[in-house]
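Coordinate analysis (summary)
The lines below spell out each chain.
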Amino acid sequence: MIPGLLQTPAYTRTLFADRLPPLDDEQIEARLAARLERQELLRNRPNTAFTFILEEHLFLRQLGGDEVTRELIDHILDLSELRNVDVQIMPLVRHHHAAIDGPMQLLETQEHQWFGYLEGQMYGQFISDPKVVSMIQMRCATMRSQALSLDESKSLMRRMRGAR
């Protein structure tokens, strides 16, 4: 799925509405409000770099329908104009892919200590072991070279947006 920091309210509601076991309306609204509040990090921390590599298929899936997808693409294009936000697209067809094992996140503290986070169906795993964090860093660096450039990624999103 699209990372929470980049989601639109409509996309997030779709994710929460499709959750099993089902959430009630109050739970959906509470989780949506929390997610929207976290998204303020992108704008409130202009000196913090945020880098995202998104799979092309996430847009092609059209989760929530055409309008939700169009709004999502517009939103991500707008965010990608911020100086501290980089968005790259991993093309649908790619013969080599460094993150074939699943989604991962790298986090750096103000003290320049690195941590990793791996997501699964039900639970995430916080990684502090330097050897494992180093492996995640290598995978992320390789993915950045495998994904489309920043400009190519924006161009692809604009084309996908226009095709809807």
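Attention in this report is confined to the structure presented alongside it. (Residues numbered from 1 in each chain as written. Predicted model: local features only at pLDDT ≥ 70, side-chain atom pairs only at ≥ 80, totals over all residues. Heavy atoms only, no water.)

Remarks on the overall build of the chain
A tally of regular secondary structure across the chain gives six helices and five strands. Ordered by position from N to C terminus, the α and β elements of the chain give α-α-β-α-α-β-β-β-β-α-α. A compact globule built from 164 residues would reach a C-alpha radius of gyration of about 15 Å, and the chain, at 16 Å, matches this within 12%. Seen along its three principal axes, the alpha-carbon backbone of the chain occupies a region of about 40 × 35 × 30 Å. In the chain, which comprises 164 residues, the proportion classed as buried is 34%. Residue pairs in contact within the chain that sit at least 24 positions apart in sequence constitute 66% of those at least 6 positions apart. Approximately 10400 Å² of the chain is accessible, and the part contributed by carbon and sulfur atoms is 51%. (Helix = DSSP H or I, 4+ residues; strand = E, 2+ residues; numbered from the N terminus. Rg over C-alpha atoms; globule rule 2.2 N^0.38 Å. Buried < 20%, exposed > 50% of the residue type's maximum accessible area, 1.4 Å probe, protein only. Contact = heavy atoms within 4.5 Å. Areas by Shrake-Rupley, 256 points an atom, 1.4 Å probe, with all protein chains shown as cover.)

Details of the pairing of strand S2 (residues 85-90)
Among the six residues in S2, five count as buried, and that is most of the element. As judged from the six bridges shared by strand S1 (residues 50-55) and S2, these two strands associate in the parallel manner. Along S2, the bridge assignment pairs Phe50 with Val85. (Pairing = 2+ DSSP bridges.)

Structural notes on the side chain of Gln88
Within the secondary structure, Gln88 is located in strand S2. The class for Gln88 is buried, based on a relative accessible area of 5%. At 3.1 Å, the side chain of Gln88 and the side chain of Arg144 are in polar contact. Sequence-distant contacts of Gln88, that is, excluding residues within four places in its chain, are made with Phe52, Ile53, Leu54, Arg144, Ala147, Leu148, Ser149, Leu150 and Ser153. (Polar contact = N/O pair within 3.5 Å; in protein donor to acceptor, adjacent residues only side chain to side chain.)

Some remarks on the pattern of salt bridges
Inspection of every chain in the model, using the stated rule, returns six salt bridges. For Glu81, the salt bridge is made with Lys154, and the minimal N-O distance between the two is 3.2 Å. Here Glu81 is found in the loop between helix H4 (66-79) and S2, whereas its partner Lys154 is found in helix H6 (residues 150-162), with 73 residues between them in sequence. For Lys154, a relative accessible area of 15% translates into the label buried. (Salt bridge = Lys/Arg side-chain N within 4 Å of Asp/Glu carboxyl O.)

Some remarks on the packing of H4 against H6
Relative to each other, H4 and H6 sit at 155°, their axes nearing to 9 Å. Between H4 and H6, the interaxial angle falls into the category roughly antiparallel. Here the hand of the crossing between H4 and H6 comes out left-handed. Residues Arg70, Ile73, Asp74, Ile76 and Leu77 of H4 form the contact with H6, whose participating residues are Lys154, Met157, Arg158, Met160 and Arg161. Looking at the contact of H4 with H6, its residues break down into five nonpolar, no polar and five charged. (Axes fitted to C-alpha atoms, helices over the stretch in contact; angles between N-to-C directions. Parallel < 35°, antiparallel > 145°, perpendicular 65-115°, else oblique. Left-handed = near helix turned anticlockwise from the far one by under 90°. Nonpolar A, V, L, I, M, F, W, Y, C, P; charged D, E, K, R; others polar.)

As for helix H2 (residues 25-44)
The end-to-end C-alpha distance of H2 is 29 Å, a good match for the 28 Å that 20 residues give at a rise of 1.5 Å each. For H2, the set of buried residues is Ile28, Leu32, Arg35, Gln39 and Leu42. Seen end-on, H2 carries its buried residues on one side only, within an arc spanning 70°. Away from the buried face of H2 by more than 90 degrees, exposed residues Glu26, Glu37 and Asn44 are located. One side-chain oxygen at the N-terminal end of H2 lies 3.1 Å from the backbone nitrogen of Glu26; it belongs to Asp24. (Expected span 1.5 Å × (residues − 1). Arc of directions from axis to C-beta.)

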